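A closer look at the structure
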Amino acid sequence: MEKTNYFVNFVNSKMDKLIDTKKARDFLKLLMESERIVMTCHVRPDGDAIGSTLGLWHLLRTLGKEATVVVPDKAPPSLSFLPGFKEIGVYTVHKEFCEKTIGESDLIICCDFNIPSRQDNLAPVVQNARCRKVLIDHHTEPSDFTDLVFSYPRMSSTCELVFRIIAAMGLYEHVDRDCATCLLTGIITDTRNFTVNVKYPDIYDILMRLLEKDVDKDRIIKEALNTRSLNSLKLEAYALSQKMEIFPDHRCALITLDKDELKEFSYEKGDTEGLVNKPLEVKGMVYSIFLREDPDCVKISGRSCDDFPVSEICKELYGGGGHLQAAGAEFYGPLEECRKILVDNMNRFDKYLK
Ligand code: MN
């Protein structure tokens, strides 16, 4: 397709109204002007990070661009079913390749993170690259490190945002089955299959548009959401039956796991994914906090419902942040002290209970 046709498409496109028209046009122009394009995301990439970067990768390849996905460290094996997964450059594994590719790129698209430090050791490589950069993200308070910013914190996922941008650019017809599979994976994982963080009803239109591309939705749910190791299942059962504390007055549940407990269940990265959501299944529970003793720090995860700002707890008590109903932080000190800070301060957040 000729370059000019893209812009004709753009003018004719009415598929998405949430995306700023001028920004979509600027982005389309950047894409057309660039030949070598890199997509990148945050450390410990999840379904949304991999889905959005790989989704764009498929789109750009159908547009004839030389595209590469570069991520800070390995993605979980639960995402290995995604088309293009094997082509991803992993900085901790393919350092030279990643540095060379980023160094030679005309454009870097940063997906699903709001500050450079979320990229760990890859951050300086991306920051030092002299090409133009675009941010596509749904976290709050993005820092100013790119030339063009798509920041929509009300979006369920970066994949939802990527789809809307593609639609706004008039490129929907260039979305193939592989691209659609990647984008739907991020939407399904970040919304836990449309149960959380769904703010715009037309996300179901997006689902329909992706299904039109012949995506195997059931496979995505099975592979990316509902597959785990036996140890991980047993660890979750142990955490819920033996380690969950309930604070009825504060409508809060707290789970702590120390390093000996993790070892007992041969804990591997990702094994406690989703655990923090479980206590919210109890009627009347408004927020849930999970404290995990990692080798270098205590990892804090918070989830909530009823618009309770669990992000405020992560921010005020531990200097972290995130989304209103899904936030996190790191604590550099003993697990018991980390727990005490929360328990001692719970009453400060009662004002947010409805
Ligand atoms: Mn995300």
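Residues numbered from 1 in each chain as written. Predicted model: local features only at pLDDT ≥ 70, side-chain atom pairs only at ≥ 80, totals over all residues. Heavy atoms only, no water.

1. Quick word on the overall build of the chain
Heads up, the condition is: The helix count covers DSSP runs of H or I at least four residues long, the strand count covers runs of E at least two residues long, and both are numbered beginning at the N terminus. Only the C-alpha atoms count toward the radius of gyration. The rule for a globule is 2.2 Å times the residue count to the power 0.38. Here the term buried applies to any residue with accessible area under 20% of the maximum for its type, exposed to any over 50%, and partly exposed to those in between, with areas from a 1.4 Å probe on protein chains only. The criterion used for residue contact is that any of the two residues' heavy atoms lie within 4.5 Å. Counted as positive: Lys and Arg. Counted as negative: Asp and Glu, with His and the chain ends omitted from the count. Charge positions come from single atoms, namely NZ of Lys, CZ of Arg, CG of Asp or CD of Glu.
Summing up its helical and strand segments, the chain has 13 helices and twelve strands in all. For the chain, whose C-alpha radius of gyration is 21 Å, the value lies close to the compact-globule estimate of 20 Å for 354 residues. Overall, the C-alpha framework of the chain stretches about 60 × 45 × 35 Å when taken along its three principal axes. Going through the 354 residues of the chain one by one, you find that 54% of them count as buried. The contacts of the chain with a sequence gap of at least 6 include a subset with a gap of at least 24, amounting to 66%. Counting 47 positive and 56 negative side-chain charges, the chain places the averaged centre of each group 2 Å from the other.

2. Regarding the packing of aromatic side chains
Inclusion rule: A pair of aromatic rings is counted whenever rings of Phe, Tyr or Trp (Trp by its six-membered ring) have centres within 6.5 Å, and the orientation is called stacked for planes under 30 degrees apart, edge-to-face for over 60 and tilted otherwise. Two limits define a charge over a ring: the Lys NZ or Arg CZ must be within 6 Å of the ring centre, and within 35 degrees of the ring normal.
Inspection of the entire model under this criterion finds eight aromatic pairs. The ring of Tyr 200 carries Arg 154 above its face, with NZ or CZ at 5.4 Å from the centroid. Seen from the ring of Tyr 172, Lys 213 lies directly overhead, with NZ or CZ sitting 4.0 Å from the centre.

3. Structural notes on the packing of helix 7 (residues 177-190) against helix 9 (residues 217-225)
We count it as follows: The axes used here are C-alpha line fits, helices contributing only the stretch in contact, and every angle between their N-to-C directions lies in the interval 0 to 180 degrees. For classification purposes, angles smaller than 35 degrees are called roughly parallel, those larger than 145 roughly antiparallel, those between 65 and 115 roughly perpendicular, and all remaining angles oblique. Working rule for handedness: look at the near helix, and if it is turned counterclockwise from the far one by less than a right angle, call the crossing left-handed; if clockwise, right-handed. Three categories are distinguished: nonpolar for Ala, Val, Leu, Ile, Met, Phe, Trp, Tyr, Cys and Pro, charged for Asp, Glu, Lys and Arg, and polar for the others, with Gly belonging to the last.
It is the contact of helix 7 with helix 9, at a shortest axis distance of 10 Å, that shows an interaxial angle of 55 degrees. Here helix 7 lies oblique to helix 9, going by the angle between them. The way helix 7 lies across helix 9 gives a crossing that is right-handed. Every residue of helix 9 that contacts helix 7 at Thr 181, Leu 184, Thr 185, Ile 188 and Thr 189 is listed here: Lys 217, Ile 220, Ile 221, Ala 224 and Leu 225. The residue makeup of the contact of helix 7 with helix 9, split by class, is six nonpolar, three polar and one charged.

4. A word on helix 7
The condition is simple: One fewer than the residue count of a helix, multiplied by 1.5 Å, yields its expected span.
Its 14 residues place the ends of helix 7 20 Å apart at the C-alpha level, agreeing with the 20 Å of an ideal helix rising 1.5 Å per residue. All of the buried residues along helix 7 are Cys 179, Ala 180, Thr 181, Cys 182, Leu 183, Leu 184, Thr 185, Gly 186, Ile 187, Ile 188, Thr 189 and Asp 190. Here the buried face of helix 7 lies against helix 3 (47-62), helix 6 (158-168), helix 8 (203-211) and helix 9. Just past helix 7, the residue Arg 192 takes up positive phi, approximately 45 degrees.

5. As for unusual backbone geometry
In this structure, Asn 197 takes a positive phi of about 65 degrees despite not being glycine. As for its placement among the helices and strands, Asn 197 is situated in the loop between helix 7 and helix 8. The backbone of Asp 306 shows a phi angle near 55 degrees, a positive value even though the residue is not glycine. Inspection of the secondary structure puts Asp 306 in the loop between strand 10 (298-304) and helix 12 (310-318). For Asp 306, a relative accessible area of 46% gives the class partly exposed.

6. Points about helix 12
Heads up, the condition is: Here, the arc refers to the directions that run from the helix axis to the C-beta atoms.
Regarding helix 12, the residues found buried are Val 310, Ser 311, Ile 313, Cys 314, Leu 317 and Tyr 318. Seen along its axis, helix 12 keeps its buried residues to an arc of 160 degrees; they face one direction. Each element contacted by the buried residues of helix 12 is listed here: strand 9 (287-293), strand 10, strand 11 (321-322), strand 12 (326-331) and helix 13 (335-345). Of the residues one or two after helix 12, Gly 319 is the one with positive phi, at around 70 degrees.

7. Brief notes about the sheet that holds strand 12
The following threshold applies: Two strands pair if DSSP finds at least two bridges between them.
Strand order in the open sheet formed by six strands is 7-8-9-10-12-11, and the pairing between neighbours is mixed. Two strands in the sheet have a free side with no partner beyond their single neighbour: strand 7 (244-247) and strand 11. Two elements, strand 11 and strand 12, share two bridges in a ladder whose sense is antiparallel. By the bridge assignment, Gly 321 is partnered in strand 12 with Gly 328. Lying over the sheet, helix 12 contacts strand 9, strand 10, strand 11 and strand 12, oriented at roughly 15 degrees with respect to strand 12.

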